[in-house]
Amino acid sequence: MWYDILMSKKSKIKKTNAMRLLDQAKIEYTAHTYADTEAISGVEVAEILGLDAARVFKTLVTEGPASSKTGEYFVFMVPVAEELDLKKAAAAVGEKNISMIKSKELLPLTGYIHGGCSPLGMKKQFRTVIHETAFDLDVCPTIFFSAGKIGYQIECKASDLAEVIFLEPADIVV
């Protein structure tokens, strides 16, 4: 197979900050690894892991407008085959509009690089909105998301992830 499935408690892999946070919260999860390849898309990750792309979520970081009173950053989790609808996303966080942050701003802001950004373990926890299907157990009995390093994915229930970070479900895709 192209990947190894590793149980977090039994594995000898180097844990990421995201995994350590789940361990501290006593949340059950499974770590999945795949070959660390450059320029791999989320859809390709789902294919490599043999998963329905609706269960694999990408983590996107945005910012509110400079004219906004808050000037806040927001995190959105959407299925990898979907596109974030910036208007719906802005409405979900009460902004007139939002924009994606520049790739070069991701590492200093979150501590993560493009392709390995996890909603867990960022330098600062930002308001996080997840596409509403994450909580639909018929569609997503568990979800997969970046463990904070390219080649590593975490699988857990969205409801368990919501015990570690506050997740707001919303319709945020095109």
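Here the residue index of a chain counts from 1 through its sequence in written order. Per-residue local features are limited, in this predicted model, to residues with pLDDT of at least 70; the limit for side-chain atom pairs, both in listing and counting, is 80 or more; totals at the level of whole chains, interfaces and linings are taken over all residues. Hydrogens and water molecules were not included; the side-chain quantities draw on all heavy atoms of the structure.

Quick look at the side chain of Ser 146
By the element assignment, Ser 146 lies in strand E7 (residues 143–146). The buried label goes to any residue with under 20% of its type's maximum accessible area, the exposed label to any with over 50%, and the partly exposed label to all in between, with areas taken from a 1.4 Å probe on protein chains only. Overall, Ser 146 belongs to the buried group, its relative accessible area being 6%. Nitrogen and oxygen atoms within 3.5 Å of one another constitute a polar contact, given that in protein one can donate a hydrogen and the other can accept it, and given that sequence-neighbouring residues count only through two side-chain atoms. Only 3.0 Å separates the side chain of Ser 146 from the backbone nitrogen of Gly 148, close enough to count as a polar contact. We call two residues in contact whenever any of their non-hydrogen atoms come within 4.5 Å of each other. Among residues more than four places away in sequence, those in contact with Ser 146 are Phe 57, Gly 116, Cys 117, Ser 118, Pro 119, Tyr 152 and Gln 153. Every helix listed is a DSSP run of H or I at least four residues long, and every strand listed is a run of E at least two residues long, numbered separately from the N terminus.

Concerning the pattern of salt bridges
Once the charged atoms of two side chains with opposite charge are near each other, the side chains can pair. By salt bridge we mean one thing: a side-chain nitrogen of Lys or Arg within 4 Å of a carboxyl oxygen of Asp or Glu. Enumeration according to the criterion identifies four salt bridges in this entry. Note that Asp 171 is salt-bridged to Lys 88, the shortest N-O span being 3.2 Å. Taken together, the positions of Asp 171 in the segment after strand E9 (167–170) and Lys 88 in helix H3 (residues 86–92) put the pair 83 residues apart, joining distant regions of the chain. On the basis of relative accessible area, Lys 88 is assigned to the partly exposed category, the value being 31%. Among the ionic pairs, Arg 127 bridges to Glu 168, the shortest N-O distance being 2.6 Å. Taken together, the residues Arg 127 in strand E6 (residues 127–131) and Glu 168 in strand E9 connect sequence positions 41 residues apart. Classification of Glu 168 as buried rests on a relative accessible area of 16%.

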